[in-house]
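Summary of structural features
The lines below spell out each chain.
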Amino acid sequence: MSGNSKRLPHFFFWLCIALTGAFAVGGIALQRGESINSMWLIVAAICVYALGYRFYSAFIAAKVLVLDASRATPAERFDDGRDFMPTHKWVVFGHHFAAIAGPGPLIGPTLAAQFGYLPGTLWILIGAVLGGCVQDFVTLFFSVRRDGRSLGQMAKDELGAIGGTAAMLGVMMIMIILIAVLGLVVVNAMKHSPWATSTVAATIPIAVLMGCYLHHLRPGRVLEGTLLGVSLLIFAVIGGGWIDENPTLRGWFDYDAPQLALMVIVYGFAAAVLPVWLLLAPRDYLSTFMKLGTIAALAIAIVVLRPELKMPALTQFIDGSGPIFGGKLFPFVFITIACGAISGFHALISSGTTPKLLANEQDARFIGYGAMMMESFVAIMAMIAASVLEPGVYFAINSPAGIVGKEAIDAVTKISSWGFPVTVEHMQTLAETMGESTLFARTGGAPSLAVGMASLFAQVFGQHLLAAWYHFAIMFEALFILTTLDAGTRVARFMLQDMLGNLNIGVGKAASYPSILLSSGLVVGAWGYFLYMGTIDPLGGINSLWPLFGIANQMLAAIALCVGTTILVKSGKTRYVWVTALPLSWLMIVTSSAAWEKLFSDDLRVGFLSHAHDLSDKLANGTLTGDMPVKAPHLIFNDYLNASLTGFFLLISWLLLADTLRIIYSVITGRNYPQSSESAHIPSRLVENWVRD
């Protein structure tokens, strides 16, 4: 058989995938007036991801980056048994996916469903394949080629002192805010939930046991360690339900927010200082099984039930009048959905812990591009889970009382007037079946997502377990977030050590434990302060920083793409610079538009400054009622703090872009510019050692 004959079936197979994907995406985009089956979203996602991984990621790997399996990675060259350590690619994939898959792919799509299912779905698919997966892959590769350096350090090495210093400061500040917000989300999800708290707590000793098993007792036996860890994890999940039902035991795991905040702070410190093989890598690896297992079960439920999407493709709230959050479809859908499409936080993981574990450079495609693709699929599942709810129920759960009214009857009247009918009796019955006292005004996205997931699970796996499925989903979301927090803390420690090292401070890049303990303490102390103050502040505290989460995250992605674009040009790959320059251009447009809106919009629900001025005027005129005169000074301070941080992040982003363009111009015109910091090629001795696994 000739070569052409052999390639013909392959060609027709991928042609069918492409046509099926185009038909599914077209059906989603063009469907109007009638409800659409959720299977359309599943088919569209699978086809788009398959084509993206098979062709686009292969093109980037072979032509743009030119992966080299014979080259020794930092994990091999600097193996210290603590931070740098060659690790099996499936364990690294598990750690990387667990670290990047935080609240974004779950909460973002759920909140963005306010606009309808169509805008968010298209952004998740297109943004991931052309933006998010590319950013993660490129950043991971460039960090591996530069001794596992952090994003901030790579910016300093490649852009020079001005841009590099700005990037390091900006990235560190963004990082502290992101970790604090993540910590607050996980604390709010776990407070007074013994099932969630006990299960999440059990993953820590299980991970330590698995780490010791793979590192000392049975080195390299990944399958054995996985079976042991997963079995114990399943038992921990089941045991959490027993604890929740036992009046005595549940008291041991029933904590309020400040207590949980202190526990999270202690855990973050431990995750940053202990050897990566002992806690971080095995815990995240195990968490990945739970995450993927739950998402797989959700996918099975959707395939079996094929539920109709009850949320319209587009709602009337695309004009910015939405009850869940203010702001028009553009640019806020691209800010609300971050991690499911493109997330700057991923660049910190891709230049933090993961490049220090990669044993083979060629695995960067599977781990960088593939893990992000998996997270994007999680976002599609979340969009479906939110969209299969009755729209009236969705808005009743997610709309704050200040918008729809504090009384249940006022809320249902308001929501029904929008064309999304719902009744008090329906909401009360739903709350009782979920084991809750009420579901009104349970803002943040997590409760409504849990209701959607529980409803689907119960229809397939047992209606009598509806309350159990709901609390399992809440616990699942908490575990999702906590694994991002621990990896983020460790990455922030690496970043701080890089910064202190650049200032010639002795504790900077030193690998000694005093250096590690001090730098970890500084990082944990910074985000821990904001986290704890947020839990004890009755006026919200750090909650007011949540609107910054999406903007800061996307600006961080722009910084990562600036670094990637600069390195491509300096490496003689100018003809391929569009790979990173196109998503960079889009992010600069989106983030700048969103930041401008948050700063200067006249809409009091959008603009920080307009809201602060309005409160200040009302406070001065004595027109505030109730307890608002007491709350107003704190709210005004939070608005000005938000505005200052937004302006700072916007300034840093444009400064980095200007420096990127300066370097590109210098390369093209032959002027002086910082030379590439890529490490020398050293042959690897590990290429064949992983074959048996």
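Residues numbered from 1 in each chain as written. Predicted model: local features only at pLDDT ≥ 70, side-chain atom pairs only at ≥ 80, totals over all residues. Heavy atoms only, no water.

**Notes on the nonpolar core**
One finds Leu65, Met381 and Trp527 to be the most contacted residues of the largest nonpolar core, which totals 202 residues. Here the element with the most residues in this core is helix H8 (residues 161–190); it accounts for 18 residues. When neighbours within four sequence positions are excluded, Trp527 is seen to be in contact with Ile176, Ile179, Ala180, Val264, Ile265, Gly268, Leu485 and Thr489. Ala612, Leu615, Leu624 and Ala632 belong to the second-largest nonpolar core, a separate cluster that totals 5 residues. (Core = buried A, V, L, I, M, F, W, Y, C linked by side-chain atoms within 4.5 Å. Buried < 20%, exposed > 50% of the residue type's maximum accessible area, 1.4 Å probe, protein only. Helix = DSSP H or I, 4+ residues; strand = E, 2+ residues; numbered from the N terminus. Contact = heavy atoms within 4.5 Å.)

**Observations concerning the confidence of the model for the protein**
Looking at the protein as a whole, the pLDDT averages 84, with 90% of positions reaching at least 70. Across residues 538–543, confidence stays below pLDDT 50; counting only partners more than four residues off in sequence or on other chains, it has 13 contacts. (pLDDT = per-residue confidence, 0-100.)

**Some details on helix H26 (residues 608–621)**
Because an α-helix packs 3.6 residues into every turn, residues spaced three or four apart end up facing the same way. Between its terminal C-alpha atoms H26 stretches 20 Å, which fits the 20 Å expected from 14 residues at 1.5 Å a residue. Residues Phe608, Ser610, Ala612 and Leu615 constitute the buried set of H26. Count one or two residues on from H26 and you reach Gly622, which has phi positive near 70 degrees. (Expected span 1.5 Å × (residues − 1).)

**A word on helix H27 (residues 628–669)**
Compared with an ideal rise of 1.5 Å per residue, which puts 42 residues at 62 Å, H27 spans 60 Å between its outermost C-alpha atoms and is within 8% of the ideal. Gly670, located one to two residues past H27, shows a positive phi value of around 80 degrees.

**Some thoughts on the pattern of salt bridges**
In total, this model carries 11 salt bridges according to the counting rule given. Glu158 is the partner of Arg146 in a salt bridge, and the nearest nitrogen-oxygen pair spans 2.8 Å. You can see Arg146 sitting in the loop between helix H6 (117–144) and helix H7 (151–159) and its partner Glu158 sitting in helix H7, a full 12 residues away along the chain. For the residue pair Arg146 and Glu158, the accessibility class agrees, reading buried in each case. (Salt bridge = Lys/Arg side-chain N within 4 Å of Asp/Glu carboxyl O.)

**Some words on the packing of aromatic side chains**
Applying the stated criterion across every chain yields a total of 29 aromatic pairs. Ring centres of Trp90 and Phe366 lie 5.0 Å apart, and the angle between their planes is 70 degrees; on these two criteria the pair is classed as edge-to-face. In this pair, Trp90 is assigned in helix H4 (residues 89–100) and Phe366 in helix H16 (residues 363–387), connecting sequence segments 276 residues apart. Overall, the relative accessible area of 46% leaves Trp90 in the partly exposed class. Note on Phe334 and Trp586: the rings are 5.1 Å apart at their centroids and 90 degrees apart in plane angle, and the pair reads as edge-to-face. Taken together, the residues span a long stretch of sequence, with Phe334 in helix H14 (residues 329–336) and Trp586 in helix H25 (residues 578–600) at a distance of 252 residues. One aromatic cluster in this structure is built from Phe317, Tyr394, Phe395, Trp418 and Phe420. Lys89 extends its terminal NZ or CZ atom over the ring of Phe366, reaching a point 5.6 Å from the ring centre. (Phe/Tyr/Trp six-rings, centres within 6.5 Å; stacked < 30°, edge-to-face > 60°. Lys NZ or Arg CZ within 6 Å of the ring centre and 35° of its normal.)

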